[in-house]
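Coordinates in review
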Amino acid sequence: MNNNAVHNSTHTPSGNLQTLADGVLRPLGFEVLDVQVQNPGRRPIVVIRMDRLDEQPVTVEDLETASRAVGAEFDRTDPIAGEYRLELESPGAKRPLTRARHFERMLGLKARVRGEGHAFTAPIKAVAGEQVTFDVEGQGDVTLMVGTFQGNLAEFPDRHR
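So, here is what we can say about the structure in this document. Here the structure is a predicted model, which means the values were calculated and not measured.

**With respect to the nonpolar core**
With 21 residues, the main nonpolar core has Leu25, Val46, Ile48, Val70, Phe74 and Leu88 as its most contacted residues. With residues near it in sequence (within four places) discarded, valine 70 still touches Ala21, Val24, Leu25, Ile48, Leu86 and Leu88. Grouped together as the second largest cluster of nonpolar side chains are 19 residues, Met106, Phe120, Leu144 and Leu153 included.

Shown next, in the form of structure tokens:
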């Protein structure tokens, strides 16, 4: 799912797009999972992947509400130079896992992990506080601290979690 809007801006980028978007969306009941700027150097596309704080599925109406709110804030603060396209998306199959709660929701599913000297895809075995344990084939349990690595869901759950 995504919702597209085209925006014009004339100033140089300033501030953190993720912080800006999260500041608008969190009071509306949403969480920013990831912000990517695609096509830099041409007409950039700002892609914001979001989720609901109540952990329910993201609806088309949610995306429309979020797009209007973020678009208005980006128009007000002008964080991107020139014309750009804004897209908001639901988490999808490669959902970013950035908080302990994200890993808890996906226990038993495989995650793709990169960073802190690790690169593997393995099932999420346990979450204790801010530590996540993965069952890595050939290595056994590998426990990492949330925030020290990049994690994405590597398999789609059979139901909403």
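Structure shown, so let's carry the discussion forward.
**Focus: the side chain of threonine 133**
Following the sequence through the fold, threonine 133 ends up in strand 8 (residues 131-136). A residue is classified by how much of its surface remains accessible, and threonine 133, at 13% relative accessible area, is buried. Within the structure, threonine 133 has its side chain in polar contact with the side chain of threonine 143 (distance 2.8 Å). What threonine 133 contacts, discounting residues up to four positions off in sequence, is Pro123, Ile124, Lys125, Ala126, Asp141, Val142 and Thr143.

**Some thoughts on the packing of helix 1 (residues 17-25) against helix 2 (residues 60-77)**
One way to put it is that helix 1 packs onto helix 2 with a least axis distance of 9 Å and a crossing angle of 125°. If you check the angle between helix 1 and helix 2, you find them oblique. Between helix 1 and helix 2 lies a crossing whose hand is right-handed. Seen from helix 1, the contacting residues are Leu17, Leu20, Ala21, Val24 and Leu25; seen from helix 2, they are Ala66, Ala69, Val70, Glu73, Phe74 and Thr77. When its residues are assigned to classes, the contact of helix 1 with helix 2 shows 9 nonpolar, 1 polar and 1 charged.

**A closer look at the pattern of salt bridges**
The tally for this structure, following the rule as stated, stands at 15 salt bridges. Across the pair arginine 99 and glutamate 31 runs a salt bridge whose closest N-O atoms are separated by 2.6 Å. Placement of the pair is arginine 99 in the loop between strand 5 (96-97) and helix 3 (100-105) and glutamate 31 in strand 2 (residues 30-38), with a sequence separation of 68 residues. Judged by relative accessible area, which is 36%, arginine 99 ranks as partly exposed. Residue glutamate 31 is classed as buried on the basis of its relative accessible area, which comes to 4%. Taking the shortest distance from any N to any O, the salt bridge between arginine 49 and glutamate 89 comes out at 3.7 Å. Placement of arginine 49 in strand 3 (residues 45-52) and of glutamate 89 in strand 4 (residues 84-89) is noted, with a sequence separation of 40 residues between them. On the basis of relative accessibility, which here comes to 16%, the residue arginine 49 falls in the buried class. Given a relative accessible area of 18%, glutamate 89 falls into the buried group. Sharing partners across several salt bridges, the network here consists of Asp51, Glu55, Arg95, Arg101, Glu104 and Arg105.

**Quick notes on unusual backbone geometry**
With phi around 65°, glutamate 55 is a residue other than glycine that occupies positive phi space. With respect to the helices and strands, the residue glutamate 55 is situated in the loop between strand 3 and helix 2. Located in the positive-phi region is aspartate 78, a residue other than glycine, with phi close to 55°. Topologically, aspartate 78 is positioned in the loop between helix 2 and strand 4.

What counts and what doesn't
Residues numbered from 1 in each chain as written. Predicted model: local features only at pLDDT ≥ 70, side-chain atom pairs only at ≥ 80, totals over all residues. Heavy atoms only, no water. Core = buried A, V, L, I, M, F, W, Y, C linked by side-chain atoms within 4.5 Å. Buried < 20%, exposed > 50% of the residue type's maximum accessible area, 1.4 Å probe, protein only. Contact = heavy atoms within 4.5 Å. Helix = DSSP H or I, 4+ residues; strand = E, 2+ residues; numbered from the N terminus. Polar contact = N/O pair within 3.5 Å; in protein donor to acceptor, adjacent residues only side chain to side chain. Axes fitted to C-alpha atoms, helices over the stretch in contact; angles between N-to-C directions. Parallel < 35°, antiparallel > 145°, perpendicular 65-115°, else oblique. Left-handed = near helix turned anticlockwise from the far one by under 90°. Nonpolar A, V, L, I, M, F, W, Y, C, P; charged D, E, K, R; others polar. Salt bridge = Lys/Arg side-chain N within 4 Å of Asp/Glu carboxyl O.

Keep in mind that these numbers describe shape and distance, not what the molecule does.
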